[in-house]
Amino acid sequence: SKARTLVMDTGTGAYELARYAAFGKLTQVKPHHYGPLKQEFQGLIHRAYDFDKNVLWIHRLKPEWADSVSADGTKESVKTNRLERAGYSDMGFEVQANVRLGKEVDKKRKVHFKATILDCRLNQGLDGEELVDEMCSFPFFASLVFGNDPSEWE
């Protein structure tokens, strides 16, 4: 097709669907059963590299939990006040770039969109960069990665 970009919205849902297809349920599945499913899902991601297309995987976020030891010495899980990607845990290792999207409302109630480049395998100098408002677009991001004009990505 002439389409240049495929958007998977959401990758979290796609992985849950794959889990349900593999196990017939989403809970009470032992960790050692996930090996073949993870290999198959990884293959799906890698298959996209065979085509001259951009594939964007959008994921939901969930609260991050960490183990802690309470004052009485018992182990407990506590929220860290950070968010992490929900779904396929190795997604961040399989893709060319990880970008976290967000929006903020300022004191004047104006909405601002933000994209934080967590890491970019193709241009590591972009790691940590923040794109705000009109810069928060795929054409602008791609032009930073490849050093060309954003209009070439529209």
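Residues numbered from 1 in each chain as written. Predicted model: local features only at pLDDT ≥ 70, side-chain atom pairs only at ≥ 80, totals over all residues. Heavy atoms only, no water.

1. Remarks on the pattern of salt bridges
Just so we agree on the cut-off: Salt bridge, as used here, is a side-chain nitrogen of Lys or Arg placed within 4 Å of a carboxyl oxygen of Asp or Glu. Burial classes: relative accessible area under 20% of the type maximum marks a residue as buried, over 50% as exposed, and values in between as partly exposed (1.4 Å probe, protein chains only). Every helix listed is a DSSP run of H or I at least four residues long, and every strand listed is a run of E at least two residues long, numbered separately from the N terminus.
This structure, assessed with the given rule, holds six salt bridges. Here Asp50 ties to Arg47 by a salt bridge, and the two come within 3.1 Å at their closest N and O atoms. On the basis of relative accessible area, Asp50 is assigned to the exposed category, the value being 54%. Glu84 is paired through a salt bridge with Lys62; the nearest N and O atoms lie 4.0 Å apart. With Glu84 in strand β4 (residues 75-85) and Lys62 in strand β3 (residues 61-69), this pair connects stretches of sequence that are 22 residues apart. Lys62 sits in the partly exposed class, given a relative accessible area of 37%. Overlapping salt bridges, with partners in common, bring together Glu104, Lys114 and Glu130 in one network.

2. Re a nonpolar patch on the surface
Note the cut-off: Within this analysis, patches are made of residues with over 30% relative accessible area and no salt bridge. Like charges are joined at 9 Å or less; nonpolar side chains (Val, Leu, Ile, Met, Phe, Trp, Tyr) at 5 Å or less. Computed with a 1.4 Å probe, the accessible areas rest on the Shrake-Rupley method; for each residue, only the protein chains presented here act as cover.
Together, Val105, Val111 and Phe113 make up a nonpolar patch on the protein surface, roughly 260 Å² of accessible area in all. If you trace the backbone, Phe113 turns up in strand β6 (residues 111-120). A residue is classified by how much of its surface remains accessible, and Phe113, at 45% relative accessible area, is partly exposed.

3. Comments concerning the nonpolar core
Side chains of a nonpolar character, in soluble globular proteins, are inclined to be buried together. The criterion, for reference: Buried residues of nine kinds, namely Ala, Val, Leu, Ile, Met, Phe, Trp, Tyr and Cys, make up a nonpolar core once their side-chain atoms join them within 4.5 Å.
If you look at the biggest cluster of nonpolar residues, it comprises 12 residues: Ala14, Tyr15, Ala18, Val29, Tyr34, Leu37, Phe41, Ile45, Trp57, Tyr88, Met91 and Val95. When contributions to this core are tallied by element, the ones reaching two or more residues are α1 (11-23) and α2 (34-47). Top contributing element to this core by residue count: α2, with four residues.

4. Description of the packing of aromatic side chains
Condition: Any Phe, Tyr or Trp ring, taking Trp's six-membered ring, that has another such ring centre within 6.5 Å forms a pair; planes under 30 degrees apart are called stacked, those over 60 apart edge-to-face, and the others tilted.
Following the criterion strictly, the structure yields seven aromatic pairs and no others. A centroid spacing of 5.5 Å and a plane angle of 50 degrees characterise the contact between Tyr15 and Tyr88, whose relative ring orientation is tilted. Taken as a pair, Tyr15 in helix α1 and Tyr88 in the loop between β4 and α3 (91-94) lie far apart in primary sequence, 73 residues in all. When its relative accessible area of 5% is taken as the criterion, Tyr15 is described as buried. Using a relative accessible area of 2% as the deciding quantity, one classes Tyr88 as buried.

5. Focus on unusual backbone geometry
Note the cis peptide between Asp9 and Thr10, where omega equals 10 degrees. With respect to the element layout, Thr10 can be found in the loop between β1 (5-9) and α1. Backbone geometry at Arg109 places phi at a positive 65 degrees, although glycine is not the residue there. Here Arg109 lies in the loop between β5 (97-105) and β6. A residue is classified by how much of its surface remains accessible, and Arg109, at 72% relative accessible area, is exposed.

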